[in-house]
Structure formats: structure tokens, C-alpha cells
Amino acid sequence: MEHLKQIGTVIRRTKSFYYVDIGENKPRFCRIRGKLFSENTYENKIAVGDKVEVDQSSNKNMGLICRVLPRNTKFSRRGKTGESEQVLVSNADTLLMVTSIKTPAFKGGLVDRFLVAASCSGLETFLILNKIDLANSKEIKPITELYSSLGCNVIPTSVYESKGLTKLKKLIKNRTSILSGHSGVGKSSLISALYPNWGIRIGKISNKSGKGQHTTIMPEMFRLPQGGFIIDTPGIRTFEPVVQKKDLDKHYKDFSPYIGNCKFKGCTHRHEPMCNVKEAVIDQEITQKRYKSYCNLYESL
């Protein structure tokens, strides 16, 4: 029998199965061909966004993924089961970091970790400051100023007041964008507001814990009517980027003017004397919060 092979994009995955967009009316249901990843060290072998070759000749109802094409980018975190890397999404070009000021509270440390992961992956970053209807200008302004100074485009949004949605919709046109953030910050609500006909499931904030409840179980890619894709990801409460300790300071943009000129070679900017970065913190050129997030991440690696 002649083999029928096509290139497609993985748009959703479960524990064992994959849904691949190969240009048909609905995605092709696929499994992995045996021994395809005998030497692969990734915790999840195929990620949403991967370009794959699908063999459809053996079963008209199910395809076999027989090859994964090289990835242009990958949004990864440290694996939970001892693996060095867990690829969450591949071949995206934009990371939309969705946060909120309140309900749940703003998590600057998590945003900083996302920025490191994006820097390692070559992803353009945008900070979506959601639920601004619950905050005032004094709470919003310092966050906007800080992350704008780091080269991150900050977009305040409110689904309740329909603010920032037009700008966000224009931004994601013809891009492959990842929506990621703390649980309960409103990722699915944003997608639902932009595209109400999609029927995205929206969760509520737990009254007991004040934390968001997961409504997205696995990353899922959606084709946008105006061109491009958006990938909704599960709410993340902890996140460790894949980076070595010795390279961490290179991914903190506000550290850039000061690294390389410390007294000691290989300075970690934590306990060493005559450290330019620590002096910049004292001089308020680097914020205490950013420096603390660096130290916390360094210790966790």
C-alpha cells in the first residue's frame, strides 16, 4: 500500500493521543509511531505547535506521527519528573503573560521567570495586565513603568469593562501567540471575550483559597479568524525556566549595564563584595523586587 504522508501542526494533545491540523475540516486523531523517541530527553515528546509528518495509510480514522520537524522556538520549563526540560509549546513567536492586580494578586516573580524563559527562547513578550477594573491607577502605574522599561509592551485589559480588547486582538493577528499566566488571571475569559463563539470554558476563583481554578488542562491551539494562532495554556502556579545559574543574569535586562564589571569574575551578584549589580540596587537603578526575584530564582535552579 502506498504511504500517504502529510505535514501538519499539533494543536492539542492528551496523555497518549495527538490532534493534528493537516488542513482538513477537523483535526486528525494521531498516535506516535513506536520507538520514535528512543533517544529523546524531553519530558513530553511532542508539544502543541510542533510540525509533524503524519502517515495516514494504515488507518483511515487515525494517523501515525512518524517524524517531528525541527523547532524554531520552544517555550519550556524545568521538568517535574527529573527530566531536564518540559516543552510546553513550540514554534510560537509571542508570549502573552497574563496577570492581574487583584483576585488573584499580581505575581511579579512569576512574570520575571516568564521573561527569562522567553529570553532563552527568543520569544517577543507582552504583559497583559488584566482585571484593571479591580485596581486603581496607583497600583497599575508602577507595574506598567517597570516592565515597559524592560522592553515589555504592557497592555491593560478588562473583560468586564471591555478595555484593551481591540488592541489585544490587533496584536495577535497573524502571530502564533502563547497565553500563559497564574491560575485565575483570566486567560480563558480573554479568549472568550475576543471570540465568544468558541465556547471556551471559564473557571471561578476559589472562595476558600483565593486562587484560580484550572479550566485549561493541557495547552490547546486555536486558529484565529483574522490569521494566526493563539495557544491557551494551563494556569501555572510554579514555573522554573530552563537556564543555567551562570547565565541567569544575562536574561535580566535591567542587569545588563552592570554585569561584567564586578570585581570578581563569575560574580553571582548575591554575596560577593564590590558587585556592580548590588550597588545598582542600592542606588535604586534596579528595583528591590527585581533583585529579590533574581536571587530567589538563582537559589531554585
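Calculation rules
- Along each chain, numbering runs from 1 in the same order as the chain's sequence is written.
- Totals for whole chains, interfaces and linings use every residue, but because this is a predicted model, local features are given only for residues with pLDDT of at least 70 and side-chain atom pairs only at 80 or more, for both listing and counting.
- Side-chain measures here rest on the full set of heavy atoms in the structure, leaving out hydrogens and waters.
- Salt bridge, as applied in this entry: a Lys or Arg side-chain nitrogen positioned within 4 Å of an Asp or Glu carboxyl oxygen.
- Note on conventions: DSSP H or I runs of at least 4 residues are helices, E runs of at least 2 residues are strands, and numbering of each starts at the N terminus.
- Burial status follows relative accessibility: with a 1.4 Å probe on protein chains alone, a residue under 20% of its type maximum counts as buried, one over 50% as exposed, and anything between as partly exposed.
- Note on definitions: the grid is 1 Å and covers protein atoms alone; a cavity is a set of points where a 1.4 Å probe fits but cannot get out; a pocket is an open set with protein on both sides within 12 Å along at least five of seven lines; lining residues have an atom within 4 Å of a point.
- Grid points are joined across faces, edges and corners, and a volume is the space filled by probe spheres set on the points.
- Residue type decides the class: Asp, Glu, Lys and Arg count as charged, Ala, Val, Leu, Ile, Met, Phe, Trp, Tyr, Cys and Pro as nonpolar, and the leftover types, Gly among them, as polar.
- DSSP calls a pair of strands paired once it identifies at least 2 bridges connecting them.
- One confidence number per residue, pLDDT, is output by the predictor and ranges from 0 to 100.
- Polar contacts here mean pairs of N or O atoms no more than 3.5 Å apart (in protein, one a potential hydrogen donor and the other a potential acceptor; neighbouring residues in sequence count only if both atoms are side-chain atoms).
- Among the buried residues, those of types Ala, Val, Leu, Ile, Met, Phe, Trp, Tyr and Cys that are joined through side-chain atoms within 4.5 Å form a nonpolar core.
- Should any heavy atoms of two residues lie within 4.5 Å, those residues are counted as being in contact.
- Helices are assigned an expected span. That span is 1.5 Å times one less than the residue count.
- The rule for a disulfide is simple: a pair of cysteine sulfur atoms within 2.5 Å.

Please clarify how the pattern of salt bridges should be interpreted in this entry.
When the charged atoms of two side chains with opposite charge come close together, those side chains can pair. For the coordinates displayed, the defined rule picks out 15 salt bridges. In this structure, R67 and E53 form a salt bridge, with 3.5 Å as the shortest nitrogen-oxygen distance. Of this pair, R67 sits in strand 5 (residues 63-68) while E53 sits in strand 4 (residues 51-55), and the two are 14 residues apart along the sequence. Classification of E53 by relative accessible area gives buried; the value is 17%. Where K74 meets E85, a salt bridge forms, and the shortest distance between an N and an O atom there is 3.4 Å.

Can you help me understand empty space enclosed by the protein in this one?
One water molecule sets the probe size; rolling that probe over the atoms shows where empty space is left. Tallied over the entire structure, the rule returns one cavity of 30 Å³ or more. What the largest cavity holds in volume is close to 50 Å³. Residue lining of the largest cavity: 13 residues in total, with V98, T99, L110, V111 and H182 positioned closest to the centre. Broken down by secondary-structure element, the contributors of at least two residues to the lining of the largest cavity are strand 8 (94-100), helix 1 (108-121) and strand 11 (175-181). Tallied by class, the residues present in the lining of the largest cavity amount to eight nonpolar, four polar and one charged.

It is not clear to me how the pairing of strand 5 should be interpreted in this structure. Could you clarify?
On a regular strand, one side chain projects to one face of the sheet and the next to the other, so that they alternate. Strand direction decides the pairing type here: strand 3 (residues 28-32) and strand 5, joined by three bridges, are parallel. Each bridged residue has a counterpart across the sheet, and for R31 the counterpart in strand 5 is L64. The sheet contact formed by strand 4 and strand 5 spans four bridges and is antiparallel. Residue pairing for strand 5: V54 is matched across the bridge by I65.

When you look at the confidence of the model for the chain in this model, what are you seeing that I'm missing?
As a general rule, the predicted coordinates of low-pLDDT regions are not to be interpreted in detail. Counting all residues, the mean pLDDT for the chain is 87, and 88% of those residues have values of 70 or more. Helix 5 (residues 276-282) holds the highest mean pLDDT among the elements of the chain, 97, whereas helix 4 (residues 187-194) holds the lowest, 87.

Quick question: what am I supposed to make of the side chain of S121 here?
Position of S121 among the secondary structure elements: in helix 1. Classification of S121 as buried rests on a relative accessible area of 18%. A polar atom in the side chain of S121 sits 2.9 Å from the backbone oxygen of A117.

Help me understand unusual backbone geometry in this model?
Excluding glycine, residues mostly have negative phi values, and the peptide bonds linking residues are mostly trans. Look at the link from T103 to P104: it is a cis peptide, with omega at 0°. By the secondary structure assignment, P104 is in the loop between strand 8 and helix 1. The phi angle at N174 is positive, at roughly 60°, despite the residue not being glycine. Relative to the helices and strands, N174 is located in the loop between helix 3 (165-171) and strand 11. Relative accessible area serves as the criterion here: at 57%, N174 is assigned to the exposed category. The backbone of H269 sits at a positive phi, close to 65°, despite the residue not being glycine. Following the sequence through the fold, H269 ends up in the loop between strand 13 (228-232) and helix 5.

I tried to follow the nonpolar core on my own but got confused; where do I start?
Side chains of a nonpolar character, in soluble globular proteins, are inclined to be buried together. Within the largest apolar cluster, 34 residues are counted, with the highest numbers of intra-cluster contacts made by F75 and Y147. The set of elements that each furnish at least two residues to this core consists of strand 7 (86-90), strand 8, helix 1, strand 9 (124-130), helix 2 (137-149) and strand 13. Top element by residues in this core is helix 1. It accounts for six residues. Look past the residues within four positions of Y147 in its chain and what remains in contact with it is F106, G108, V111, D112, L115, L127, C152 and V154.

I would appreciate a short explanation of helix 6 (residues 288-300) in the present structure.
The periodicity of an α-helix, 3.6 residues per turn, causes residues three or four places apart in sequence to face the same way. Taking 1.5 Å of rise per residue, 13 residues should cover 18 Å, and helix 6 covers 18 Å from first to last C-alpha, within 8% of that figure. All of the buried residues in helix 6 are R290, Y291, S293, Y294, C295, L297 and Y298. In this fold, the buried residues of helix 6 make contact with helix 1, helix 2 and helix 5.

Would you explain the state of the cysteines in this entry?
What we call a disulfide is simply a covalent bond connecting the sulfur atoms of a pair of cysteines. For the structure on display, the rule yields zero disulfides. With no disulfide of its own, C66 has C30 as its nearest cysteine by sulfur position, at a separation of 9.6 Å. Taking relative accessible area as the criterion, C66 reaches 14% and is therefore assigned buried.

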